[in-house]
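# Observations on the three-dimensional arrangement
Chain residues, written in single-letter form:
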Amino acid sequence: MEFKEIATVAGKPGLYKVLKPSRSGVILESMDAKKAKLVVGANHRVSILSEISIYTMTEEGSSPLQEVMITIEKEFEGDTGLAKGADNDEYIAFMKHILPEFDEQRVYPSDIKKLISWYRIIREQAPEVLQEDAAADGETEEKED
């Protein structure tokens, strides 16, 4: 599985694997134990994770979600140290550790909670997404030297 094959649907919890397009929309499969299939049409807002970025104060203005998740994987290897009942200050401190230049005015604690939730789902259901991309990044750096 690749990062561009994972989607989120507005108003629905969790992440979905993109299976294939259909006449009325796209067929998705939930990335949980149920593996429930769902057909979403034009009336649903579907976002592919590879197209999502996190606002930063850098010149680019954002950092791709995939890069942030790879950083989380390298740094924490699955254990973020945040309990489900963590307060907003803990989530903000976590984000500052992972992405110090994130825009605190536009990235809310609820966004950080969602990021961590998605990270846990991906690590459990498709860990190769985080590992393969990290390895591929290393290969391109070596070739440039």
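Quick caveat, the model's predicted, so the values are computed rather than measured.

What counts and how
- Residue numbering note: each chain is counted from 1, following its sequence as written.
- Local features in a predicted model are, by the rule used here, given only for residues with pLDDT of at least 70; side-chain atom pairs are given and counted only at 80 or more, and totals for whole chains, interfaces and linings are based on all residues.
- Remark: hydrogens and water are excluded; side-chain values derive from all non-hydrogen atoms of the structure.
- UniProt positions are given in the numbering used here, feature names are shortened, and annotations may be inferred rather than shown by experiment.
- Helix and strand labels come from DSSP, where a helix needs a run of H or I of at least four residues and a strand needs a run of E of at least two; each type is numbered from the N terminus.
- Only the contacting stretch of a helix is used when fitting its axis, a line to C-alpha atoms as for every element, and angles between N-to-C directions run 0 to 180 degrees.
- When an angle is under 35 degrees it counts as roughly parallel; over 145 it counts as roughly antiparallel; between 65 and 115 it counts as roughly perpendicular; any other value is oblique.
- Should any heavy atoms of two residues lie within 4.5 Å, those residues are considered in contact.
- In this classification, Asp, Glu, Lys and Arg are treated as charged, Ala, Val, Leu, Ile, Met, Phe, Trp, Tyr, Cys and Pro as nonpolar, and every other residue, Gly included, as polar.
- Pairing of aromatic side chains requires ring centres within 6.5 Å, counting the rings of Phe and Tyr and the six-membered ring of Trp. Pairs whose planes differ by under 30 degrees are stacked, by over 60 edge-to-face, and all others tilted.
- Definition used: whenever NZ (Lys) or CZ (Arg) falls within 6 Å of the ring centre and also within 35 degrees of the ring normal, the charge is taken to sit over that ring.

## With respect to the UniProt feature "domain: DUF5606" (unreviewed entry) in the chain
UniProt records the feature "domain: DUF5606" (unreviewed entry) for residues 4-49 in the present numbering. Within the segment residues 4-49, helix and strand shares are 0% and 52% respectively, and the terminal C-alpha atoms sit 6 Å apart.

## Regarding the packing of helix 1 (residues 65-76) against helix 2 (residues 88-98)
In contact at an axis separation of 10 Å, helix 1 and helix 2 are set at 95° when each is read in the N-to-C sense. Accordingly, the angle class assigned to the pair helix 1 and helix 2 is roughly perpendicular. Contact residues: V68, T71, I72, E75 and F76 in helix 1; F94, M95, H97 and I98 in helix 2. Considering only residue class, the contact of helix 1 with helix 2 consists of six nonpolar, two polar and one charged.

## With respect to the packing of aromatic side chains
Applying the stated criterion across every chain yields a total of one aromatic pair. Here the aromatic rings of F76 and F94 are separated by 5.2 Å at their centres, their planes lie at 35°, and the arrangement is tilted. In this pair, F76 is assigned in helix 1 and F94 in helix 2, connecting sequence segments 18 residues apart. The side chain of R106 reaches across the aromatic face of Y55, ending 3.8 Å from its centre.

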